[in-house]
Protein chains: 2
Amino acid sequence: MEGNKVTIKDVARLAGTSIATVSNVLNGTGRVAEATKQKINRIIEELEFAPSTAARNLRDKRSSLIAVIVPYMETGKLMDNPFYWQLVAGIEEGARSKRLQIILVGVEPDETFSFVRERQIDGLIVIGAIQGSEIMSRIERLSIPVVFVDSYLQNDRLPHISLDDELGGYIGTKHLISLGHRNIVLLSGKLSEKGVNYYRWLGYCRALAEAGIAPREELVLQEPVSALSGYRVAGKIAAQLSEASAVFCLSDVAAIGLLKGLYDLGISVPQQLSVVGFDNSLQASYTIPALTTVHQDIAQKGQRAIKQLIQLMDGEPVEQQHIVLGVELVVRQSSASIQF
Amino acid sequence: MEGNKVTIKDVARLAGTSIATVSNVLNGTGRVAEATKQKINRIIEELEFAPSTAARNLRDKRSSLIAVIVPYMETGKLMDNPFYWQLVAGIEEGARSKRLQIILVGVEPDETFSFVRERQIDGLIVIGAIQGSEIMSRIERLSIPVVFVDSYLQNDRLPHISLDDELGGYIGTKHLISLGHRNIVLLSGKLSEKGVNYYRWLGYCRALAEAGIAPREELVLQEPVSALSGYRVAGKIAAQLSEASAVFCLSDVAAIGLLKGLYDLGISVPQQLSVVGFDNSLQASYTIPALTTVHQDIAQKGQRAIKQLIQLMDGEPVEQQHIVLGVELVVRQSSASIQF
DNA sequence: GCCTCCAAATAAAACGTTTCATCATTAATA
DNA sequence: TATTAATGATGAAACGTTTTATTTGGAGGC
């Protein structure tokens, strides 16, 4: 309640100094006598004075706010894949340690970014932007520091953190091939948008080619990334793709749905069908059977993104514009040698 | 690029009017001739003028920013339970439709909230605050609209959205009792903090009492809410609690871990042990066997929270200070009649 | 032709900071 | 003692809006 907000003026008045001096104490700038400093600090404490960010922002033309752009689904909600939560958690952690705050913005690929200029957002982290989308040109005109995550851009000079998706697709597939599988279904998201799925698919193709296996288009299923998709695909595989002996899902959530679908159909994993996921999400080790999957360090992805963004914002040169994080195969129980 | 930001002055100059008029056009206030309005709008478009939120905030003493306080774990990251993501997604959706932005703040129970005053945050959504924690008195002194979610407060006049946790605990337990179970393990979070777990536990006790079953303290396990906890508990049950025929987990994540732990130990669900979860998370229908669980509408929880907060911020009277959402039992395959 | 009234437009203050240039005081140096 | 240097403190401008009170310029009424 306390009526009106206490301002720097109140502090100055009570301390018997000028507001400039208070400001100096606040920011550790200029020279202030120790005694004065102490006195002012005491009064600040007493009054519970908190400097107005709005005034600072106006003065400094900065907001110490960074926006994280998360894609959203047709339902109007943020993507429900827990992957994003882990990513955001990583970002938030890094931001908090630098006393930055993040604003979370769900945004449709081609939506306007006016809020960035209006709010004088200091930096932007964009998750999952895709080549050629309107978003890119919009962002470039903003001329603020931006770090892309999991985005594929024609312009390689833009800072971004991504994964070696192609390699991920490759090692997942190769693993299955080395187990004797030749008819490997790929359960992917849309390939037309050249995003992460596309590159993982390239890796899949490379592994097949290397093994002398002709790629078959009907084995590549493009479905929304969700558990439900995986579940439904199980039926499709049983009905139309009985020759398949393995499925490589380009996300763990889809794999989880698939495992369940197969279970309901009485198809045993890995005896009758091997399943490999992608992400090594928190859930991956708790599926039955435990999911063999391509590991990525999601939290680190977020941390690297925020770290690079902060460097950019501080005007420090960034050592690497494009950071590609590694992938690693985690073999668990959902994949096995093909049975004859 | 473009050098400096374009301000309302630039617009006024080019339109040959005063900035006051431009401001009026911007906000639809005052009277301004149609021709002038058109001209100004054209110029705004042309210049891509975006009014400075900082200046507005300073003027209006508002920020049109609401903060969502999410608890974080000892690791320094936001809680990794996907539950929070669904909740935040619901909040974000509601906020976006009102052109509000949310800032996501990970905060340790007793941390300072100075940023709220500094940023002149207009509203606050606090998730999972508990009675008696320092947080409460801090928040009250802020005197801004606050909506609590999943929080238990001594002060019932504070607006909050919660679940009928007691009932949830009751129906989950009752379900198991009706299946003939009498030795029901409760896998809970900490009960000393009187949060959601505490009230669910009360419901558990009530159901037991109603059935004339004496509560046994050693059946109530207080563990961190995580899949790993659930997994470990499986071992404990096998080793020390062989008389138990059912486990009621107060979160789906823990149930998922438990199912896996039991599977690894060769204990079949539901034949040897029934398992019931809580939340009906997205994963619940994909476990093997599918999880019987107490359903709550998480997204709605978030939406109601933001809706109520907006009402509060608009100064509208809120119909109900304390909204209690319903729970519902979803019976799937992880629970069954006790086998003799 | 004078007065009143109304629409349209505006000047100026206020919001709460930071910082630059300046000033006062004391200490150090010649 | 006179000059310079260093320290500590300050006044005032600037940041970009919104809003209140005021001004301007006609149009209508008499």
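Residues numbered from 1 in each chain as written. Chains lettered and ligands numbered in written order. Predicted model: local features only at pLDDT ≥ 70, side-chain atom pairs only at ≥ 80, totals over all residues. Heavy atoms only, no water.

**With respect to the UniProt feature "domain: HTH lacI-type" (unreviewed entry) in chain A**
Quick reminder of the rule: UniProt positions are given in the numbering used here, feature names are shortened, and annotations may be inferred rather than shown by experiment. By definition, any uninterrupted DSSP run of H or I lasting at least four residues is a helix, any uninterrupted run of E lasting at least two residues is a strand, and each is numbered from the N terminus.
Following the UniProt record, one finds the feature "domain: HTH lacI-type" (unreviewed entry) at residues 6–60 of chain A. Measuring from the first to the last C-alpha atom of residues 6–60 of chain A gives 21 Å, for a span that is 71% helix and 0% strand.

**A closer look at the protein's contact with DNA strand C**
Test applied: We call a residue near a given molecule or strand whenever any one of its heavy atoms falls within 4 Å of it. Polar contacts, as counted here, are pairs of nitrogen or oxygen atoms within 3.5 Å of one another; within protein the pair requires one atom able to donate a hydrogen and one able to accept it, and residues that are adjacent in sequence qualify only if both atoms are side-chain atoms. Charged means Asp, Glu, Lys or Arg here, nonpolar means Ala, Val, Leu, Ile, Met, Phe, Trp, Tyr, Cys or Pro, and polar covers whatever is left, Gly included.
The local shell around DNA strand C holds 27 residues, among which A:I8, A:S23, A:R56, A:R59 and B:S18 are the closest. Protein-adjacent atoms of DNA strand C, using a 4 Å cutoff, are sugar or phosphate at a proportion of 68%. A distance of 2.7 Å separates a base oxygen of DNA strand C from a polar side-chain atom of A:R59. Contact distances for DNA strand C include 2.8 Å between a phosphate oxygen and a side-chain N or O atom of B:T36. Secondary structure elements with two or more residues in the surface near DNA strand C: α2 (19–27) and α4 (53–60) of chain A together with α2 (19–27) and α4 (53–60) of chain B. Residue composition of the surface near DNA strand C, grouped by class: eleven nonpolar, ten polar and six charged.

**Observations concerning the interface of chain A and chain B**
Accessible area lost upon the coming together of the parts is a frequently used measure of interface size. Selection rule: Two residues form a contact once any of their heavy atoms are found within 4.5 Å. Note on terms: buried area is the combined drop in 1.4 Å-probe accessible area of two parts once they are placed together, counting the loss on both.
Listed per partner, the contact involves 63 residues of chain A and 63 residues of chain B. Summed over both partners, the interface of chain A with chain B comes to about 5500 Å²; 59% of that surface belongs to carbon and sulfur atoms. Looking at the side of chain A facing chain B, the largest losses of area belong to A:W85, A:Y286 and A:I288, adding up to 16% of the total buried there. Our enumeration of links across chain A and chain B arrives at 25 residue pairs in polar contact (both at pLDDT 80 or more). Among the elements of the structure, α4, β1 (65–71), α5 (82–97), β2 (101–107), α6 (114–118), α10 (227–240), α11 (252–264) and α12 (298–313) of chain A are those that each provide at least two residues to the side of chain A that touches chain B. When residues of the side of chain A that touches chain B are assigned to their parent elements, the largest contribution, eight residues, is made by α5(A).

**Some words on the environment of B:P317**
Residue and element names in this part refer to chain B. As a reminder of what qualifies: Remark: exposure states derive from per-residue accessible area (1.4 Å probe, protein chains only) relative to the maximum for the residue type, with buried under 20%, exposed over 50%, and partly exposed in between.
Here P317 shows up in the loop between α12 (298–313) and β11 (322–325). Judged by relative accessible area, P317 falls into the exposed class, the value being 72%. Separated by 17 residues in the primary sequence, P317 and Q300 place their C-alpha atoms 21 Å from one another.

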